[in-house]
Amino acid sequence: MENRNWIKLEFPSDSRNVGFARTAVALFASQLDWTLDELEDIKVAVSEAVSNCVIHAYRLEEGLVKLEVSHDGSSLEILVEDSGVGIPDIELARETGYTSVPEERMGLGFTFMHEYMDEVQVYSEVDKGTRVRMVKKVPERED
Ligand SMILES: Nc1ncnc2c1ncn2[C@@H]1O[C@H](COP(=O)(O)OP(=O)(O)OP(=O)(O)O)[C@@H](O)[C@H]1O
Ligand SMILES: [Mg+2]
């Protein structure tokens, strides 16, 4: 097992930083042996988690988003954390198509995260914030 490597980023919940976050994670993740499709999956999952902080966590205010990414050579872990409004019913929030803003959103963010990552855990407390932990393992390759 290689030594664990990691990065930590903090940025305001400004939509301009969603693209930055996804590219930064992809660059770091490139230390592992992904296919282009897998890297694309990681980018989508990061975009969804960070977008949720921008759109939902602080409503129209601006707050801090914390992103931590690490790997041990075979598995990538991504933590996305905010100190925003929190999620009152996590099970409901994770359902495909559930959104608290139906006139604007599709309610697909958590579904994509589950689709593209091996593990997704959501910890949240109302008025305290939300932390999403995602893990993706490098698949065994036959070659
Ligand atoms: N970081 C967060 N802080 C507060 N609420 C959140 C957060 N992330 C998700 N939620 C809540 O969970 C719901 C479902 O999230 P999900 O990403 O699946 O859908 P969405 O963001 O509403 O729509 P889409 O992702 O398709 O644009 C959101 O509508 C919101 O109510
Ligand atoms: Mg979303």
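Just above sits the structure.
**A few points about the site of ligand 1**
Next up, step 1: Close contacts around ligand 1 come from 22 residues, with N52, T99, S100, R105 and G109 the closest.
Next up, step 2: Counting only elements with at least two residues in the shell around ligand 1, the list comes to α2 (36-57) and α4 (109-116).
Next up, step 3: At six residues, the largest contribution of residues to the shell around ligand 1 is made by α2.
Next up, step 4: Here the residues of the shell around ligand 1 are counted per class, giving eleven nonpolar, eight polar and three charged.

**Considerations on the environment of S47**
Next up, step 1: With respect to the secondary-structure elements, S47 resides in helix α2.
Next up, step 2: For S47, a count of 19 C-beta atoms within 10 Å gives the class partly exposed.
Next up, step 3: Between the C-alpha atom of S47 and that of G19, which follows or precedes it by 28 residues, the distance is 7.2 Å.
Next up, step 4: When near neighbours in sequence (up to four residues on either side) are disregarded, S47 contacts V18 and R22.

**Quick look at the sheet that holds strand β2 (residues 64-71)**
Next up, step 1: The five strands lie next to each other as β1-β2-β3-β5-β4, forming an open sheet whose pairing is antiparallel. A strand with exactly one partner marks an edge of an open sheet, and here the two such strands are β1 (5-12) and β4 (119-125). Neighbour-to-neighbour, the strand axes of the sheet open up by a mean angle of 10°, direction not taken into account.
Next up, step 2: Along the sheet, α2 makes contact with β2, β3 (75-82) and β5 (129-137), crossing β3 at roughly 10°.

**Overview of the packing of α2 against α4**
Next up, step 1: Following both chains from N to C, one finds α2 and α4 inclined at 150°, their axes separated by 9 Å at the closest point. One way to sum up the angle between α2 and α4 is to call them roughly antiparallel. For the pair α2 and α4, the sense of crossing is left-handed. Here α2 contributes D41, V44, A45, E48, A49, S51 and N52 to the contact with α4, which in turn contributes G109, F112, M113 and Y116.
Next up, step 2: For the contact of α2 with α4, the class distribution of residues is six nonpolar, three polar and two charged.

**Things to note about the packing of helix α1 (residues 16-29) against α2**
Next up, step 1: The contact between α1 and α2 brings their axes to 9 Å, and the two run at 145°. The handedness of the crossing between α1 and α2 is right-handed. Where α1 approaches α2, its residues V18, A21, R22, V25, A26 and A29 are matched on the opposing element by L39, I42, K43, V46, S47, V50, S51 and V54.
Next up, step 2: Class assignment for the residues of the contact of α1 with α2 results in ten nonpolar, two polar and two charged.

Criteria and cut-off values
Position numbers for residues start from 1 in each chain and track the written sequence from start to end. The naming scheme follows written order: chains are lettered A onward, ligands numbered 1 onward. Where totals are concerned, whole chains, interfaces and linings use all residues; where local detail is concerned, this predicted model gives features only for residues with pLDDT of at least 70, and gives and counts side-chain atom pairs only at 80 or more. Whether a residue is near a molecule or strand depends on its C-beta atom, placed from the backbone, lying within 6 Å of it. Helix and strand labels come from DSSP, where a helix needs a run of H or I of at least four residues and a strand needs a run of E of at least two; each type is numbered from the N terminus. Three categories are distinguished: nonpolar for Ala, Val, Leu, Ile, Met, Phe, Trp, Tyr, Cys and Pro, charged for Asp, Glu, Lys and Arg, and polar for the others, with Gly belonging to the last. Any residue with 12 or fewer other C-beta atoms within 10 Å of its own C-beta is exposed, any with 20 or more is buried, and the rest are partly exposed; the C-beta atoms used are placed from the backbone. Contact criterion: two residues are in contact if their C-beta atoms, reconstructed from the backbone, are within 7 Å. Two strands pair under a simple rule: DSSP has to find at least two bridges between them. The axes used here are C-alpha line fits, helices contributing only the stretch in contact, and every angle between their N-to-C directions lies in the interval 0 to 180 degrees. Roughly parallel here means an angle under 35 degrees, roughly antiparallel means over 145, roughly perpendicular means 65 to 115, and every remaining angle is called oblique. In this scheme the crossing of two helices becomes right-handed for a clockwise turn of the near helix relative to the far one and left-handed for an anticlockwise turn of less than a right angle.

Geometric values such as these leave the question of function open.
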